[in-house]
Amino acid sequence: MHSKSEIVKSVPQKGFFGHPKGLLTLFFTEFWERFSYYGMRAILIFYMYYELHEGGLGLDQVTANSIMAIYGSLVYMSGVIGGWFADRVFGTRRAVFYGGILIMIGHIILALPLGFTGLLFSMLFIIVGTGFLKSNVSTIVGDMYAENDNRRDSGFSIFYMGINMGAFIAPFIVGTIGEEYSFHLGFGVAAIGMLIGLIVYYVTQKKNLGLAGIEVPNPMNKEEKKKAVRNFVVGIVAILLIGIILYVTDNLTMKVFSLLITTLGVAIPTIFFIVMYRSPKTNKEEKSRLLAYIPLFIAAVMFWAIQEQGATILATYADTRTDLSVGSFELKASWFQSLNPLFIIMFAPVFAWIWLRLGSKQPSTPKKFAISLFFAGASFLVMIIPAKMSGGTELVSPWWLVLSFFLVVVGELLLSPVGLSATTKLAPAAFAAQTMSLWFLTSAAAQAINAQLVRLYEAVSEITYFGSLGGMSIVLGVILLIVTPLISKAMRGIN
């Protein structure tokens with residue numbers, strides 16, 4: 001058994017832009033994993049609602065948007081499973097590798113012409129695989145830094161830039177191939193991206209990561225293993241029974257399923273907080289930090305509820321409401337998915353430099369979260385202008401989407417890498433990987449809620465939709481600023 005300080009000391013402390021060399025391995029692993037995921041996601045919404053003769057599945061846009069939200073929610077919910085296996089069974093290092101294999105299989109299935117059935121099976125593999133990989137690779141990043149290392153936020157910002165470099169390139173390659181030639185060919189390219197990521201990780205992990213991610217933080221004894229297997233079987237049977245009951249009663253519909261996912265999206269993190277808070281393995285100081293984490297969690301859910309609609313509402317907006325002709329040049333709707341990572345690549349180094357420059361004088365985590373909500377709200381409020389100018393029917397300039405994506409990215413850089421870092425610092429020792437999974441549940445909860453919100457987009461005006469959500473984000477940001485002193489106090493010395 002190795003303590004965190006021993007793990008940190010065992011890894012070279014400087015070798016990648018003044019950071020541990022292991023950051024290089026994780027940087028490129030996530031680069032290719034995000035290339036595969038965001039490449040697939042850039043064309044998935046179009047694949048679902050394009051007509052059969054266009055190579056799609058022929059679903060209506062409301063259903064396609066709802067499925068995308070549900071899919072995104074389940075991807076992040078699965079982080080709970082991945083975090084649990086890492087904490088209790090085989091550690092974060094192996095969890096990342098196994099997850100990459102499952103993701104690659106999911107993309108291979110999508111590359112085959114298997115229709116709606118193939119879509120569902122591919123989603124299953126990608127959901128579980130991302131749950132194993134996504135939260136655990138971030139946990140390993142945190143393992144490479146001492147708790148009070150001032151490079152931590154900067155390191156996560158660099159890591160976050162790697163994620164977004166893969167996400168930036170993917171829509172141009174996978175999106176263009178998917179829209180120009182074949183959706184299935186595009187999905188095949190995504191599978192190749194994940195394969196490259198697996199090779200990079202496997203070849204360099206031993207040399208660069210040292211002991212980080214090897215340790216199982218909270219291994220199970222024999223009795224706990226029996227209980228875990230029993231609970232797993234009971235859970236599977238319960239899910240099958242619910243499915244059978246819904247089918248027999250003619251309630252196995254997308255609307256009912258989306259309501260179920262929305263309920264789970266709210267219930268799972270709630271249960272998570274309660275279990276960790278009441279655990280005898282969580283000491284008094286850790287309990288206080290968990291309470292401080294709750295308002296940060298709620299703020300993150302509000303932020304992601306807006307940000308994640310870039311792949312649903314704003315994606316369909318790019319395809320159906322935006323003038324894609326720029327002179328004689330024709331834009332691809334999928335290319336707009338590169339705006340978010342493009343702006344992050346441009347400004348992540350700036351934010352990393354600012355945090356290093358300010359050091360201990362930088363704004364507290366709660367203040368960064370509050371400001372991020374202001375930018376998220378503004379990104380939706382600006383969409384009221386083209387809605388008003390076009391009457392909700394005429395095609396609008398693509399620059400409105402560019403502005404919206406830019407504003408939400410500024411908020412994202414204030415919240416996402418900072419949230420990753422804060423999670424590793426506020427996590428109870430016995431629940432390290434699972435607490436990182438809790439961070440990703442902010443996205444799960446947001447997209448579970450979005451499964452209902454995207455239905456409202458067709459029922460109300462664009463002005464009402466964008467205005468209401470943008471206003472809610474700003475109001476929540478003000479509330480968070482007011483309670484910041486209380487949150488900071490409860491964080492017990494963690495800034």
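Residue numbers restart at each chain and count upward from 1, following the sequence in its written direction. In view of the model being predicted, local features appear only for residues whose pLDDT reaches at least 70, and side-chain atom pairs are presented and counted only at 80 or more, with totals across whole chains, interfaces and linings using the full set of residues. Processing note: side-chain calculations cover all non-hydrogen atoms of the structure and skip hydrogens and water entirely.

We now examine the overall build of the protein chain. The secondary structure content of the protein chain amounts to 17 helices and 2 strands. Radius of gyration: C-alpha atoms only; globule rule: 2.2 Å multiplied by the number of residues to the exponent 0.38. The C-alpha radius of gyration of the protein chain comes to 22 Å, within 12% of the 23 Å expected for a compact globule of 495 residues. Taken over the C-alpha atoms alone, the protein chain extends approximately 60 × 50 × 40 Å along its principal axes. Here the protein chain holds 495 residues, and 56% of them are scored as buried. When charges are counted, neither His nor the chain ends are considered; positive counts come from Lys and Arg and negative counts from Asp and Glu. Lys charges are placed at NZ, Arg charges at CZ, Asp charges at CG and Glu charges at CD. For the protein chain, the centre of its 36 positive side-chain charges and the centre of its 27 negative side-chain charges are spaced 15 Å apart. Elements are defined by DSSP. Helices are runs of H or I of four residues or more, strands are runs of E of two residues or more, and each kind is numbered from the N terminus. Think of it in three bands: with a 1.4 Å probe and only protein chains considered, a residue is buried below 20% of the maximum accessible area for its type, exposed above 50%, and partly exposed in between.

Throughout this description, the term salt bridge denotes a Lys or Arg side-chain nitrogen within 4 Å of a carboxyl oxygen of Asp or Glu. All told, the structure shown has 7 salt bridges when counted by the stated rule. With a closest N to O distance of 2.6 Å, Glu33 and Arg34 form a salt bridge. Both residues of the pair, Glu33 and Arg34, belong to the buried class. Note that Arg88 is salt-bridged to Glu224, the shortest N-O span being 3.0 Å. With a gap of 136 residues between them, Arg88 in helix H4 (residues 79-111) and Glu224 in helix H8 (residues 222-248) connect regions that are remote in the sequence.

Between the N-to-C directions of two axes lies an angle of 0 to 180 degrees, each axis being a line fitted to C-alpha atoms and, for a helix, fitted only over the stretch in contact. One can describe the packing of helix H3 (residues 61-77) onto helix H9 (residues 254-278) by two numbers: an axis separation of 10 Å at closest approach and a directional angle of 30°. When the axes of H3 and H9 are compared, the pair comes out roughly parallel. As H3 runs across H9, the sense of the crossing is left-handed. Counting all contacts with H3, which are made through Thr63, Ser66, Ile67, Ile70, Ser73, Leu74 and Met77, the residues of H9 involved are Met254, Phe257, Ser258, Ile261, Leu264, Gly265 and Ile268. Charged means Asp, Glu, Lys or Arg here, nonpolar means Ala, Val, Leu, Ile, Met, Phe, Trp, Tyr, Cys or Pro, and polar covers whatever is left, Gly included. In terms of residue class, the contact of H3 with H9 is built from 9 nonpolar, 5 polar and no charged. Reported orientations rely on four angle classes, namely roughly parallel under 35 degrees, roughly antiparallel over 145, roughly perpendicular from 65 to 115, and oblique for the rest. Left-handed is the label given to a crossing in which the near helix is rotated counterclockwise from the far helix by less than a right angle, and right-handed is the label when the rotation is clockwise. Contact between two residues is taken to exist if any of their heavy atoms lie within 4.5 Å; hydrogens are not considered.

Here we take up the nonpolar core. Nonpolar side chains in soluble globular proteins tend to be buried together. Counting residues in each nonpolar core, the largest one holds 137 residues, and the members touching the most others are Leu26, Met40, Leu44, Met48, Phe369 and Trp439. If one sorts the elements of this core by residue count, helix H2 (residues 22-49) sits on top with 14 residues. Excluding residues within four positions of it along the chain, Met40 makes contact with Tyr71, His107, Leu110, Ile126, Val174, Phe187 and Ala190. The term nonpolar core refers to a set of buried residues drawn from Ala, Val, Leu, Ile, Met, Phe, Trp, Tyr and Cys, joined through side-chain atoms within 4.5 Å.

With that out of the way, let us pick up the environment of Met254. Note that Met254 resides in helix H9. A relative accessible area of 26% places Met254 in the partly exposed class. Separated by 109 residues in sequence, Met254 and Pro363 have C-alpha atoms that sit 43 Å apart.

Further remarks concern empty space enclosed by the protein. Cavity means a closed set of points on a 1 Å grid over the protein atoms alone, one where a 1.4 Å probe fits but cannot get out, pocket means an open set with protein on both sides within 12 Å along at least 5 of 7 lines, and lining means a residue has an atom within 4 Å of a point. Grid points are joined across faces, edges and corners, and a volume is the space filled by probe spheres set on the points. The tally for this structure, following the rule as stated, stands at 4 cavities of 30 Å³ or more. Within this model, the largest cavity holds a volume of roughly 390 Å³. Tyr38, Tyr160, Trp304, Gln307 and Glu412 are, among the 33 residues lining the largest cavity, the residues nearest its centre. Broken down by secondary-structure element, the contributors of at least two residues to the lining of the largest cavity are H2, helix H5 (115-143), helix H6 (152-180), helix H10 (284-307), helix H12 (339-358), helix H13 (365-381), helix H15 (399-426) and helix H16 (432-459). Of the residues belonging to the lining of the largest cavity, the class tally is 16 nonpolar, 11 polar and 6 charged. Of the volumes computed, that of the second largest cavity is approximately 50 Å³. Taken together, Tyr37, Arg41, Met68, Tyr71, Gly72, Glu308, Ala311, Thr312 and Gln447 make up the full set of residues lining the second largest cavity. Looking at the lining of the second largest cavity, the elements with two or more residues in it are H2 and H3.

On to the packing of H13 against H15. Two numbers describe how H13 lies on H15: the axes approach to 8 Å, and their chain directions differ by 155°. Taken together, the axis directions place H13 and H15 in an arrangement best described as roughly antiparallel. Viewed along their axes, H13 and H15 form a crossing whose handedness is left-handed. Taken together, the residues of H15 that come into contact with H13 (itself represented by Thr365, Lys368, Phe369, Ile371, Ser372, Phe375, Ala376, Ala378 and Ser379) are Ser404, Leu407, Val408, Val410, Gly411, Leu414, Leu415, Val418, Gly419 and Ala422. Residues of the contact of H13 with H15, tallied by class, amount to 12 nonpolar, 6 polar and 1 charged.

The next point concerns the side chain of Thr63. If you trace the backbone, Thr63 turns up in helix H3. Owing to a relative accessible area of 19%, Thr63 belongs among the buried residues under this scheme. Reaching out from Thr63, the side chain makes a polar contact with the side chain of Asp60 at a distance of 2.8 Å. Any N or O atom pair separated by 3.5 Å or less is treated as a polar contact, with the protein-specific requirement of one donor-capable and one acceptor-capable atom, and with residues adjacent in sequence counted only for side-chain atom pairs.

This next bit is on the confidence of the model for the protein chain. Summary of the metric used: pLDDT quantifies the predictor's per-residue confidence within the range 0 to 100. Residues of the protein chain with pLDDT of at least 70 account for 94%, and the chain-wide mean is 85. When mean pLDDT is taken per element in the protein chain, H13 scores highest with 95 and helix H1 (residues 4-10) scores lowest with 45. For the stretch residues 3-12, pLDDT sits under 50, and the model shows 26 contacts to residues farther than four places along the chain or on other chains.

Turning our attention to the packing of aromatic side chains. Classification of ring pairs rests on two measures: the distance between centres of Phe, Tyr or Trp rings, Trp counted by its six-membered ring, which must be within 6.5 Å, and the angle between planes, read as stacked under 30 degrees, edge-to-face over 60 and tilted in between. Taken as a whole and assessed by the stated rule, the structure comprises 32 aromatic pairs. Note on criteria: charge over ring means Lys NZ or Arg CZ within 6 Å of the ring centre, with the direction from the centre no more than 35 degrees off the ring normal. A cation over an aromatic ring shows up here: Lys287 above the ring of Tyr277, its NZ or CZ 4.8 Å from the ring centre.

Turning our eyes to something else, we now look at helix H11 (residues 313-320). Counting buried positions along H11 gives 6 out of 8 residues, so the element sits mostly inside the fold. Within H11, the full set of buried residues consists of Ile313, Leu314, Ala315, Thr316, Tyr317 and Ala318.

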